[in-house]
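Chain residues, written in single-letter form:
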Amino acid sequence: MSQTATQMTIAKALNESLRTALENDPKVLMMGEDVGRLGGVFRITDGLQKDFGENRVIDTPLAESGIVGTAIGLALRGYRPVVEIQFDGFVFPAYDQIVTQMAKMHARALGKIKLPVVVRIPYGGGIGAVEHHSESPEALFAHVPGLKVVGPSNPSDAYWMLQQAIECDDPVIFLEPKRRYWDKGLVDVSAVPTALHKAVVARPGTDLTLAAYGPMVKVCLEAAAAAENEGRSLEVVDLRSMSPIDFDTVQESVERTRRLVVVHEAPVFYGSGAEIAARITERCFYHLEAPVLRVGGFHAPYPPARLEEEFLPGLDRVLDAVDRALAF
Amino acid sequence: MSVKSTAAGRTPAKGSGSTARGGAKRRGGQPGLVQLLTPEGERVEHAEYSIDLTPDELRGLYRDMVLTRRFDAEAITLQRQGELGLWASLLGQEAAQIGSGRATRSDDYIFPTYREHGVAWTRDVDPLNLLGMFRGVNNGGWDPNENNFHLYTIVIGAQTLHATGYAMGLAMDGADSAVIAYFGDGASSQGDVAESFTFASVYNAPVVFFCQNNQWAISEPTEKQSRVPIYQRAAGFGFPGVRVDGNDVLAVLAVTRAALEHARSGQGPMLVEAFTYRMGAHTTTDDPTRYRSDEEREEWAAKDPIARLRSYLDKQGLADEGYYAGVEAEADALAKRVRDGVRGMPDPEPMAIFEHAYADGHPLVDEERAQYAAYRDSFADSGDSADNSAADAGKVR
Ligand SMILES: Cc1ncc(C[n+]2csc(CCOP(=O)(O)OP(=O)(O)O)c2C)c(N)n1
């Protein structure tokens, strides 16, 4: 790392990233509930309205469909809106605009218009919140053609991926792992960033691949560290992007380790793990020593806070799946 | 894209009281604001909305407000002590909630948001029931049909549509009760709320939309939601709207009674905007010092709903020290019951995750429940689960 690397939290990295984007491009706008004076309920936009004014950091009416719908209009007019949805569970009033409008306009206009809108959503559980504040809706977006879906797991990716998302000419759903907002890591603001949709090997290993993204990368890294004590070498792939998915990197890893466990917080049923399992089975059929296993949430509503540790995949559930995969 | 503030919104526009009920023109207070009790506790009359309560009823309203405030304060304390994950305080909004809640009949149906602890009180919902969700032991936790008080709704505005549909059902059934839907000034921006206005109006549904305009939606003032006073929105949908002093329990009671009667008598929906103030933080995680001034808070403190009624009771000689001491003692007892009740509230069993996902069951849920039970059992110590201890000893981590 160069001299320009500094320690910061994911929250701070996102804030710095937005600041840089606002500085670099006068067409970039922030929009959302409480993003101005309050700086957002997680303070991700802290100080930006003060420095860039009310016309670039816009406190919107409390209307998610309105926020995304008007962001689409602003994008049609040449702006690059970065929209904040306050919590995962509140994106659904805007889901119609995102899915039926934002995702399809480029194709409907035969490529003549671009919709560079970023929808930032703090997502996932683990913060002891009330309902609608802990959900993982990534599959609901990744399933929709026309949208890109990405999510950093660490401060450096938070810093870089958000700017890359803002520079992207397609609509991007940017999922922020809210329970990791306060985790620290090094950010090098002069580095050459990894491509937005590239998966990376976060920890090399030889016996099995754990594939994860966002909040679950940390759990997988911890699981790999714990497994090492038992003499097992687990490789952790951080997918970083859920649409598109860099299957090549996963495939290369699985061809080496021959086993794959996919980990995410969202319910397993119809989740992103199913997509990864299917593709990797197709690509690596003759390399696999075990079926691809999935660890994730249950087919039940996200539970009240006192039960969320049961619902969320933790170290033990990941390692249990590792045991099962290695037992084949 | 200018987003500069104008005077509209927070200050009622002059002479803006015209409603289908003939206009809620002022007597005391601001134009367009129905008031029956001034902040100083003086009784004033209003051309359209009147009320005549017995001394017992007046004292009852006072007691309701004091007990509700104490319950709320106890909940904040419990949150600070780590017993609750979160709390949304109603401090300052007691009159809006007690007045409107006491205006309902037991066969009316209520759709609250997440801050209607006072309304719940008027419906005899056990205050402890309200705390489960904030403690994180359930996501609702009471039977809405027991007191005709629906579950709290966190997604802003969603319940106004449910209220309207319920009211449509009442009308279809020929029932003569009404529905009241609570929401905030911020919520008035949501598409769902506009759609509920449309449905209610088109189907002449017996629903009262009760907006507690407490001036703020987290950090955003009302003028970030609307450039006209909220009660005036009703006109565009074809039903009456009225603004009432939300810190005046008598006026709220009178106006809400009239609105419910309007709905029950087949005249369709009505919008009541209770003009009030959230004295505390949005929730216990909020920091209002980042967005609003002490002066503003002080200005509203002078309009305190409980002090106002008390000074009226005193002026009329309707209550003595013995009475107030009695209410205080009741408040202490309520606080203790709540404190003990919350501390004794158990965490749910882990397997509760799988309960009630479906009414008719689902094989996948059954499968996952069985798998997870087996997985959990694999961790059991030899002490607690003799059945599995030997077989799974090797798997314990
Ligand atoms: C659809 C939706 N968007 C955002 C939120 C987050 N949120 C919770 S309360 C709130 C402000 C609500 O303000 P208002 O409607 O005025 O009601 P008040 O809390 O002031 O009673 C916001 C933005 C939410 N709960 N639901």
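No experiment lies behind these values; they were computed from the predicted model shown. (Residues numbered from 1 in each chain as written. Chains lettered and ligands numbered in written order. Predicted model: local features only at pLDDT ≥ 70, side-chain atom pairs only at ≥ 80, totals over all residues. Heavy atoms only, no water.)

### Some thoughts on the packing of helix α1 (residues 55–80) of chain B against helix α8 (residues 249–267) of chain B
Residue and element names in this part refer to chain B. At their nearest, the axes of α1 and α8 sit 11 Å apart, and the two run at 105° to each other. Judged by the inter-axis angle, α1 sits roughly perpendicular to α8. Here α1 contributes Leu 58, Leu 61 and Met 65 to the contact with α8, which in turn contributes Val 249, Leu 250 and Leu 253. (Axes fitted to C-alpha atoms, helices over the stretch in contact; angles between N-to-C directions. Helix = DSSP H or I, 4+ residues; strand = E, 2+ residues; numbered from the N terminus. Parallel < 35°, antiparallel > 145°, perpendicular 65-115°, else oblique. Contact = heavy atoms within 4.5 Å.)

### Here we look at the site of the ligand
Taken together, 20 residues surround the ligand, and among them Glu64(A), Tyr114(B), Arg115(B), Ile154(B) and Gly186(B) come closest. Chains contributing residues near the ligand are chains A and B. Contact distances for the ligand include 2.8 Å between an oxygen atom and a backbone N or O atom of Ala187(B). Between the ligand and the protein, one listed contact pairs an oxygen atom with a backbone N or O atom of Trp216(B) at 2.8 Å. (Near = heavy atom within 4 Å. Polar contact = N/O pair within 3.5 Å; in protein donor to acceptor, adjacent residues only side chain to side chain.)

### A few points about the pairing of strand β3 (residues 179–184) of chain B
Residue and element names in this part refer to chain B. Of all six residues in β3, five are buried, a share of seventy percent or more. Where strand β2 (residues 109–111) meets β3, three bridges bridge the pair, whose relative direction is parallel. By the bridge assignment for β3, Phe 111 is matched with Ala 181. Two strands pair when backbone bridges link them, and β3 and strand β4 (residues 207–213) are joined in this way by six bridges, in the parallel orientation. Across the sheet, residue Phe 183 finds its bridge partner in β4, namely Cys 211. Between the parallel elements β3 and β4, the chain passes through helix α6 (residues 191–202) in a crossover that is right-handed. (Buried < 20%, exposed > 50% of the residue type's maximum accessible area, 1.4 Å probe, protein only. Pairing = 2+ DSSP bridges. Right-handed = clockwise from strand over helix to strand, strands pointing away.)

### Remarks on the interface of chain A and chain B
The figure often quoted for interface size is the accessible area lost as the parts come together. On the side of chain B, 50 residues touch chain A, which itself brings 45 residues to the contact. Across the chain A/chain B interface, buried area totals approximately 4,200 Å², and carbon plus sulfur atoms make up 56% of it. Its largest share of buried area at the contact with chain B, chain A owes to Leu62(A), His299(A) and Arg306(A), together 18% of the area lost on that side. Along the contact surface separating chain A from chain B lie three salt bridges. Salt-bridge contacts for Asp46(A) lead to Arg290(B); the nearest nitrogen and oxygen are separated by 2.6 Å. The interface formed by chain A and chain B contains 19 residue pairs in polar contact (both at pLDDT 80 or more). Counting residues per element, the ones that place at least two in the side of chain A that touches chain B are β3 (57–59), α3 (64–76), α11 (308–311) and α12 (315–327) of chain A. Ranked by residue count, the leading element in the side of chain A that touches chain B is α12(A), at five residues. Classifying every residue of the side of chain A that touches chain B gives 21 nonpolar, eight polar and 16 charged. (Buried area = accessible area lost by both parts, 1.4 Å probe. Salt bridge = Lys/Arg side-chain N within 4 Å of Asp/Glu carboxyl O. Nonpolar A, V, L, I, M, F, W, Y, C, P; charged D, E, K, R; others polar.)

### Some remarks on α6(B)
Residue and element names in this part refer to chain B. Taking 1.5 Å as the rise per residue, α6 with 12 residues should run 16 Å; its terminal C-alpha atoms sit 16 Å apart, in good agreement. Looking only at α6, the buried set comprises Val 193, Ser 196, Phe 197 and Ala 200. Projection of α6 onto a plane perpendicular to its axis shows the buried side chains occupying an angular sector of 105°, all on one side. Phi turns positive one or two residues past the end of α6, at Asn 204, with a value near 50°. (Expected span 1.5 Å × (residues − 1). Arc of directions from axis to C-beta.)

### Digging into the sheet that holds β3(A)
Residues and elements named next belong to chain A. Taken together, the seven strands give an open sheet; going across it, the order is β3-β2-β4-β5-β7-β6-β12, and neighbouring strands pair in mixed fashion. At either margin of the open sheet sits one strand with a lone partner, and together these are β3 and β12 (241–243). In this sheet, neighbouring strand axes are inclined to one another by 20° on average, regardless of whether the strands run parallel or antiparallel. Here strand β5 (residues 118–123) pairs with strand β7 (residues 172–177) via six bridges, running parallel. Within β7, the position partnered with Val 118 by the bridge is Val 172. Against the sheet, helix α1 (residues 10–24) engages β2 (28–32), β3, β4 (80–84), β5 and β7, with an angle of about 130° to β2. The strands that helix α7 (residues 155–167) touches are β2, β4, β5, β6 (148–150) and β7; relative to β7, the one it contacts most, it runs at about 165°.

### Let's talk about a nonpolar patch on the surface
On the surface, Phe199(B), Val202(B) and Tyr203(B) cluster together into a nonpolar patch covering about 320 Å² of accessible area. Take Val202(B): it is sitting in helix α6. (Patch = residues over 30% accessible without salt bridge, like charges linked within 9 Å, V, L, I, M, F, W, Y side chains within 5 Å. Areas by Shrake-Rupley, 256 points an atom, 1.4 Å probe, with all protein chains shown as cover.)

### Comments concerning the sheet that holds β3(B)
Spatial strand order, β1-β7-β8-β4-β3-β2 (chain B): six strands in an open sheet with parallel pairing. Where the open sheet ends on each side, the last strands, each with one partner, are β1 (33–34) and β2 of chain B.

### A closer look at the side chain of Asp188(A)
All names here are of chain A. You can see Asp 188 is positioned in strand β8 (residues 184–188). One buried charged side chain, Asp 188, makes no salt bridge at all; its nearest oppositely charged neighbour is Arg 240, positioned 14 Å away. One polar contact links Asp 188 to Thr 4, side chain to side chain, over a distance of 2.5 Å. (Lys, Arg positive; Asp, Glu negative; His and termini not counted.)

### Notes on the pattern of salt bridges
Residue and element names in this part refer to chain B. By the definition in use, this model includes 46 salt bridges over all chains. For the salt bridge of Asp 304 with Arg 69, the shortest nitrogen-to-oxygen distance reads 2.8 Å. Here Arg 69 lies in helix α1 and Asp 304 lies in the loop between α9 (294–301) and α10 (305–316), a separation of 235 residues in the sequence. Overall, Asp 304 belongs to the buried group, its relative accessible area being 18%.

### As for α3(A)
All names here are of chain A. Compared with the 18 Å implied by 1.5 Å per residue over 13 residues, the 18 Å span of α3 between its first and last C-alpha is a close match. Taken together, the buried positions of α3 are occupied by Glu 64, Ile 67, Val 68, Ala 71, Ile 72, Leu 74 and Ala 75. What you see down the axis of α3 is that its buried residues fit within an arc of 165°, all on one side. Looking one or two residues beyond α3, the residue adopting positive phi is Gly 78, at roughly 105°.

### Describing the layout of surface pockets
Roughly 970 Å³ of internal volume is contained in the largest pocket. Looking at the largest pocket, it is lined by 50 residues, and the ones nearest its centre are Gln86(A), His133(A), Ile218(B), His282(B) and Thr283(B). Secondary-structure elements contributing two or more residues to the lining of the largest pocket are α4 (127–135), β3 and β5 (216–217) of chain B. Of the residues that constitute the lining of the largest pocket, the class distribution is 23 nonpolar, 18 polar and nine charged. The computed volume of the second largest pocket comes to approximately 750 Å³. As for the second largest pocket, its lining consists of 30 residues, of which Glu138(A), Ala139(A), Leu140(A), Tyr270(A) and Gly271(A) are closest to the centre. Elements represented by at least two residues in the lining of the second largest pocket include exactly α6 (138–142), β12, β13 (260–267) and α10 (272–284) of chain A. Split into classes, the residues belonging to the lining of the second largest pocket amount to 19 nonpolar, six polar and five charged. (1 Å grid on protein atoms, 1.4 Å probe; cavity = no way out; pocket = protein on both sides within 12 Å on 5 of 7 lines; lining within 4 Å. Points joined across faces, edges and corners; volume = space filled by probe spheres on them.)

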